[in-house]
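Structural overview
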Amino acid sequence: MEEKYEPLIQGILDHGYGTAPLFFDESLIKGLRENLLRKRSEGMMHPAAIGKRFTFQKNLKVRGDLISWIDEHNPDPLEQQFLGAIDAFVQYLNRTCYTGINGYEFHYAFYEEGSFYRRHLDQFQQDRGRKFSVVTYLNDDWKPEAGGELVLYLDGGEQSICPEGGRVVFFKSDEIEHEVKAARRDRLSIAGWLKAV
Ligand code: OGA
Ligand code: MN
């Protein structure tokens, strides 16, 4: 159990972010990828709203992903399994780090080839409750040449992370600026936030 969480938590303590290559089972990742692609083909994914001051056109200059929020009441067994694993992680985090997390929100994200998300922080004025960001990649057989890196801007410099399927990245939402680089293929993930509200 603890071995699974420690790279994520210790990583934040040591250098501002944690990452783990195979945090979720391959079968779960595959199933969630199929979910995302189904939602996409059914037209269930939509551009994210960034803030009241932004128009749709301005949004597109900042981020081009399409999202679909995960509803915790949806009986989909894969989403239940995903959120169950998040629950277990949150319990561990609260027990060992006194983080006081009492909620979360997650969405599927589809970055069509060429889409990006410019450098940003995940905590907006309307979203002060976001404490930790958790990104899970759903990509099958991602090659570094495809681009699409997550770039984290850390005190010690920039860190690029390849969005390979099953990898999880964990960092503080109000501290770490980051960016999603454009990719040469569609890029699939679940982004989410652990909240204390
Ligand atoms: C986000 C985000 C990172 C990624 O959705 O806010 O920064 O690698 N995602 O997809
Ligand atoms: Mn972000």
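Let us look at the structure shown here. Predicted, not measured: the structure shown is a model, and the values here were computed from it. (Residues numbered from 1 in each chain as written. Chains lettered and ligands numbered in written order. Predicted model: local features only at pLDDT ≥ 70, side-chain atom pairs only at ≥ 80, totals over all residues. Heavy atoms only, no water.)

1. Quick look at the coordination of the manganese ion (ligand 2)
In an ideal octahedron of six donors the angles at the metal are 90 or 180 degrees, and in an ideal tetrahedron of four donors they are 109.5 degrees. Of the protein atoms, only His 120 (NE2), Asp 122 (OD) and His 178 (NE2) coordinate the manganese ion (ligand 2), at distances of 2.1 Å. Here the donor residues for the manganese ion (ligand 2) map to a single chain with the spacing H-x1-D-x55-H. Overall, His 120 belongs to the buried group, its relative accessible area being 10%. On the accessibility criterion, Asp 122 (5% relative accessible area) is buried. (Donors = N, O, S within 2.8 Å, 3.2 Å for Na, K, Ca; no water. Buried < 20%, exposed > 50% of the residue type's maximum accessible area, 1.4 Å probe, protein only.)

2. So, the side chain of Glu 105
Take Glu 105: it is sitting in strand 4 (residues 103-111). Using a relative accessible area of 17% as the deciding quantity, one classes Glu 105 as buried. A polar contact is formed between the side chain of Glu 105 and the side chain of Lys 195, at a distance of 3.2 Å. (Helix = DSSP H or I, 4+ residues; strand = E, 2+ residues; numbered from the N terminus. Polar contact = N/O pair within 3.5 Å; in protein donor to acceptor, adjacent residues only side chain to side chain.)

3. Brief notes about the site of ligand 1
Neighbouring ligand 1 are Tyr 117, His 120, Asp 122, Val 135, Tyr 137, Leu 150, His 178, Val 180, Arg 187, Ser 189, Ala 191 and Trp 193. Taking Tyr 137, its side chain carries an N or O atom lying 2.5 Å from an oxygen atom of ligand 1. Arg 187 has a polar side-chain atom sitting 2.8 Å from an oxygen atom of ligand 1. Out of a free accessible area of 290 Å², ligand 1 has 99% covered by protein chains. Of all the secondary-structure elements, those providing two or more residues to the shell around ligand 1 are strand 5 (117-120), strand 6 (130-137), strand 10 (177-180) and strand 11 (187-195). At 4 residues, the largest contribution of residues to the shell around ligand 1 is made by strand 11. (Near = heavy atom within 4 Å. Areas by Shrake-Rupley, 256 points an atom, 1.4 Å probe, with all protein chains shown as cover.)

4. Digging into the environment of Ala 109
Positionally, Ala 109 belongs in strand 4. You can call Ala 109 buried: its relative accessible area is 1%. Considered as a pair, Ala 109 and Gly 148 are 39 residues apart in the sequence and their alpha carbons are 13 Å apart. When residues no more than four places from it in sequence are discounted, the contact partners of Ala 109 are Leu 36, Met 45, Asp 65, Leu 66, Ile 67, Arg 187, Leu 188 and Ser 189. (Contact = heavy atoms within 4.5 Å.)

5. A short note on helix 2 (residues 26-41)
Here helix 2 is 16 residues long and its end C-alpha atoms lie 23 Å apart, about the 22 Å a rise of 1.5 Å per residue gives. Taken residue by residue, helix 2 has Leu 28, Ile 29, Gly 31, Leu 32, Arg 33, Asn 35, Leu 36 and Lys 39 as its buried positions. (Expected span 1.5 Å × (residues − 1).)

6. Some words on the packing of aromatic side chains
Taken as a whole, this structure holds 11 aromatic pairs when the rule is applied. Ring centres of Tyr 5 and Phe 89 lie 5.2 Å apart, and the angle between their planes is 35 degrees; this geometry places the pair in the tilted category. Taken as a pair, Tyr 5 in helix 1 (residues 2-15) and Phe 89 in helix 4 (residues 77-97) lie far apart in primary sequence, 84 residues in all. What makes Phe 89 buried here is its relative accessible area of 2%. Between the aromatic rings of Phe 82 and Phe 106, the centroid separation amounts to 5.3 Å while the plane-to-plane angle is 85 degrees, which identifies the pairing as edge-to-face. With Phe 82 in helix 4 and Phe 106 in strand 4, this pair connects stretches of sequence that are 24 residues apart. Given a relative accessible area of 2%, Phe 106 falls into the buried group. (Phe/Tyr/Trp six-rings, centres within 6.5 Å; stacked < 30°, edge-to-face > 60°.)

7. Quick look at the sheet that holds strand 4
In space, the 7 strands of this open sheet follow the order 1-9-6-11-4-3-2, with antiparallel pairing throughout. Of all the strands in the sheet, just strand 1 (17-20) and strand 2 (46-47) have a single pairing partner and so form its edges. Pairing geometry for strand 6 and strand 11, over 7 bridges, is antiparallel. Each residue of the ladder has a partner; that of Val 135, found in strand 11, is Ala 191. (Pairing = 2+ DSSP bridges.)

Any link to function would need more than the numbers given here.
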